[in-house]
Amino acid sequence: MAMKFRAHDTFFIRKGWLSKGMKYVEQSPDVFVSKEDNPMDVLGVGANMVKVLRYWLQAVGLTEEPVKGRRIQSFTVLGKSIFENADRVWNK
């Protein structure tokens, strides 16, 4: 997968972001592009952070999205394994 240069808008990964992003991808694969639910409201972050979180989930190999069609997120093999076996701190 080719990643865009500076797609992270110079935001580094912050503690809890990846698990938070994975939680919402599991609940709604279109969380980052939903027309029904505002991604900023659902994720509790600003517009730039929505793009950045989407970028980092893909950059570290946890999610992927189709090149064509609707840009929904799905777990990679690594992402699925981590999601299924990680401590569920976000559910507490």
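Before any of the text, the structure's been laid out above.
Overview of the structure. (Residues numbered from 1 in each chain as written. Predicted model: local features only at pLDDT ≥ 70, side-chain atom pairs only at ≥ 80, totals over all residues. Heavy atoms only, no water.)

Moving on to the overall build of the protein. Of regular secondary structure, the protein possesses 4 helices and 2 strands. Ordering the α and β elements of the protein from the N terminus gives α-α-α-β-β-α. For the protein, with 92 residues in total, the buried portion stands at 34%. Accessible surface, the protein as shown: approximately 6100 Å² in total, 55% of it carbon and sulfur. (Helix = DSSP H or I, 4+ residues; strand = E, 2+ residues; numbered from the N terminus. Buried < 20%, exposed > 50% of the residue type's maximum accessible area, 1.4 Å probe, protein only. Areas by Shrake-Rupley, 256 points an atom, 1.4 Å probe, with all protein chains shown as cover.)

This part covers the environment of Glu-64. For Glu-64, the location among the structural elements is in strand β1 (residues 63-64). Along the chain, Glu-64 and Gly-79 lie 15 residues apart, while their C-alpha atoms are 9.3 Å from each other. Residues within four places of Glu-64 in sequence aside, it is in contact with Gln-58, Ile-72, Gln-73, Ser-74, Phe-75 and Thr-76. (Contact = heavy atoms within 4.5 Å.)

With that settled, the discussion passes to the packing of helix α1 (residues 17-27) against helix α4 (residues 77-85). Two numbers describe a pair of packed helices, the interaxial angle and the distance between the axes. Between α1 and α4, the least distance of the axes is 11 Å, while the angle of their chain directions is 100 degrees. The angle between the axes of α1 and α4 places the two elements in the roughly perpendicular class. Contacts from Met-22, Lys-23 and Glu-26 in α1 reach Gly-79, Ile-82 and Phe-83 in α4. Looking at the contact of α1 with α4, its residues break down into 3 nonpolar, 1 polar and 2 charged. (Axes fitted to C-alpha atoms, helices over the stretch in contact; angles between N-to-C directions. Parallel < 35°, antiparallel > 145°, perpendicular 65-115°, else oblique. Nonpolar A, V, L, I, M, F, W, Y, C, P; charged D, E, K, R; others polar.)

Time to look at the nonpolar core. Counting residues in hydrophobic clusters, the biggest one holds 17 residues, and the most contacted among them are Phe-32, Leu-43 and Leu-57. Per-element tally for this core: the top contributor is helix α3 (residues 47-59), with 7 residues. (Core = buried A, V, L, I, M, F, W, Y, C linked by side-chain atoms within 4.5 Å.)

With their axes 10 Å apart at the nearest point, α1 and α3 run at an angle of 90 degrees to one another. As far as their axial angle goes, α3 and α1 are roughly perpendicular. Contacts between α1 and α3 pair Trp-17, Leu-18, Gly-21, Met-22 and Val-25 from the former with Met-49, Val-52, Leu-53, Trp-56 and Leu-57 from the latter. Considered class by class, the residues forming the contact of α1 with α3 number 9 nonpolar, 1 polar and no charged.

Opposite charge on two side chains permits them to pair, given that their charged atoms come into close proximity. In the structure shown here, the tally under the stated rule is 4 salt bridges. Among the salt bridges present, the one from Lys-80 reaches Glu-84, with a minimum N-O distance of 3.3 Å. Pair noted here: Lys-80 and Glu-84 are both in helix α4, with a separation of 4 residues, about one helical turn. Note on Glu-84: relative accessible area 47%, which makes it partly exposed. One network of salt bridges, in which partners are shared, links Arg-54, Glu-65 and Arg-71. (Salt bridge = Lys/Arg side-chain N within 4 Å of Asp/Glu carboxyl O.)

Our next topic: the environment of Asn-85. By the element assignment, Asn-85 lies in helix α4. Of the polar contacts made by the side chain of Asn-85, one reaches the backbone oxygen of Ser-81; its length is 2.8 Å. (Polar contact = N/O pair within 3.5 Å; in protein donor to acceptor, adjacent residues only side chain to side chain.)

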